[in-house]
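Chain residues, written in single-letter form:
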Amino acid sequence: MNILKDNTLTEDNYVTWKRKIGLLLQSEKHKFVLTTPKPPAPNNDSSIMYRDEYEQWKTSDDMAKCYIMAIISDVLQQQHEGMESAADIMMSLEEMFAMKSRTTKREAVTAFMNLRMKPGQAVKDHMMKVIAHLNIAELHGAEIDGETKIDMVVNSLSDSFDQFKLDYTLNKKEYTLQGLMQDVQTAEKILVKGKGQEIHMVGKVATVKARQKVKKQQKKKQLGPIKKETKKVTKIKGKCFLCGEKGHWKRNCPKSQNKKE
């Protein structure tokens, strides 16, 4: 059987192994021996019905032990060969591997809870990563109800999906993971389209400004360089040493000229 060949117990797959061995024993109608105590051996006074029930339990227990021993390692087989019942073997394996499995489960759940969408990351890529982390957590025994899963996935979206998060919270829409992925991808397309329009408008404004600048430069060339008007400034002369009045020098003093005459 493929289940015996491909599912040997290791340190990392105990939860998965336990689930599959349970399915196998259930399909073969031997699983009851894991939860039903071994009945006392019949004696001479036991009824035929009791003898049949005892033989049925013993046969099923022997078969369950064979199935369990067949899909554990050689080392584990040697450690458990002398155990009396299948239930004893399962209890021993639980003690050996359950603690590590719980640690792995906790790490997987923590990784799922801390996962956040990176800015610019495609929704599909993020959702596939979320589903992968969720599957790992569930494979290790984590039990997360559907509503909590969706809440955690929505909260993992980037800030650009704040409006989507708000709508989800207000409308309390029920989602499956597949349905959520479709709606988030639709929201992503709207966001991308909106950014494209914004970029287009920015480019349009920049083009208009560039044209205005070119026209201004061409107009300056046509007009030529603008000459600045300069006013002639008349410097005020100093004080005359002869008459003491301002506005002329001694050599130009009217009084000096009058004396000469």
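Scroll up to find the structure this text is about.
As a starting point, this report considers the structure included with it.

The rules we used
- Residues numbered from 1 in each chain as written.
- Predicted model: local features only at pLDDT ≥ 70, side-chain atom pairs only at ≥ 80, totals over all residues.
- Heavy atoms only, no water.
- Helix = DSSP H or I, 4+ residues; strand = E, 2+ residues; numbered from the N terminus.
- Buried < 20%, exposed > 50% of the residue type's maximum accessible area, 1.4 Å probe, protein only.
- Contact = heavy atoms within 4.5 Å.
- Areas by Shrake-Rupley, 256 points an atom, 1.4 Å probe, with all protein chains shown as cover.
- Axes fitted to C-alpha atoms, helices over the stretch in contact; angles between N-to-C directions.
- Left-handed = near helix turned anticlockwise from the far one by under 90°.
- Nonpolar A, V, L, I, M, F, W, Y, C, P; charged D, E, K, R; others polar.
- Salt bridge = Lys/Arg side-chain N within 4 Å of Asp/Glu carboxyl O.
- Phe/Tyr/Trp six-rings, centres within 6.5 Å; stacked < 30°, edge-to-face > 60°.

What follows is about the overall build of the protein. What the protein contains, in helices and strands, is 10 helices and 0 strands. Each helix and strand of the protein, placed in order from N terminus to C terminus, yields the pattern α-α-α-α-α-α-α-α-α-α. Within the protein, buried positions represent 27% of all 261 residues. Sequence separation of at least 24 residues holds for 52% of the intrachain contacts in the protein that already meet a minimum separation of 6. Carbon together with sulfur atoms contributes 54% to the accessible area of the protein, which is approximately 19,500 Å² in total.

Further remarks concern the packing of helix α2 (residues 14–27) against helix α3 (residues 48–70). Across the interface, α2 lies against α3 with an axial gap of 11 Å and an inter-helix angle of 145 degrees. For the pair α2 and α3, the crossing hand works out as right-handed. Residues Trp17, Ile21, Leu24 and Leu25 of α2 pack against Ala64, Tyr67 and Ile68 of α3. Here the residues of the contact of α2 with α3 sort into 7 nonpolar, no polar and no charged.

Side chains that differ in sign of charge can pair as their charged atoms come close. In total, this model carries 5 salt bridges according to the counting rule given. For Asp162, the salt bridge identified is with Lys165, shortest N-O distance 3.9 Å. Placement of both Asp162 and Lys165 in helix α8 (residues 162–171) is noted, with a separation of 3 residues, approximately one turn of the helix. Taking the relative accessible area as the measure of exposure, Lys165 reaches 16% and is therefore buried.

One non-glycine residue, Lys29, lies in the positive phi region at around 60 degrees. Of note, Lys29 is situated in the loop between α2 and α3.

According to the stated counting rule, one finds 3 aromatic pairs in the structure shown. Note on Tyr14 and Phe97: the rings are 6.0 Å apart at their centroids and 20 degrees apart in plane angle, and the pair reads as stacked. With Tyr14 in helix α2 and Phe97 in helix α5 (residues 86–114), the pair connects residues that are 83 residues apart, well separated along the chain. Across the pair, Phe97 and Tyr14 agree in class, each one buried. Following the ring pairs from residue to residue traces out a cluster consisting of Tyr14, Trp17 and Phe97.

Relative to the helices and strands, Ala132 resides in helix α6 (residues 123–139). C-alpha separation for the pair Ala132 and Phe112, spaced 20 residues apart in sequence, amounts to 8.9 Å.

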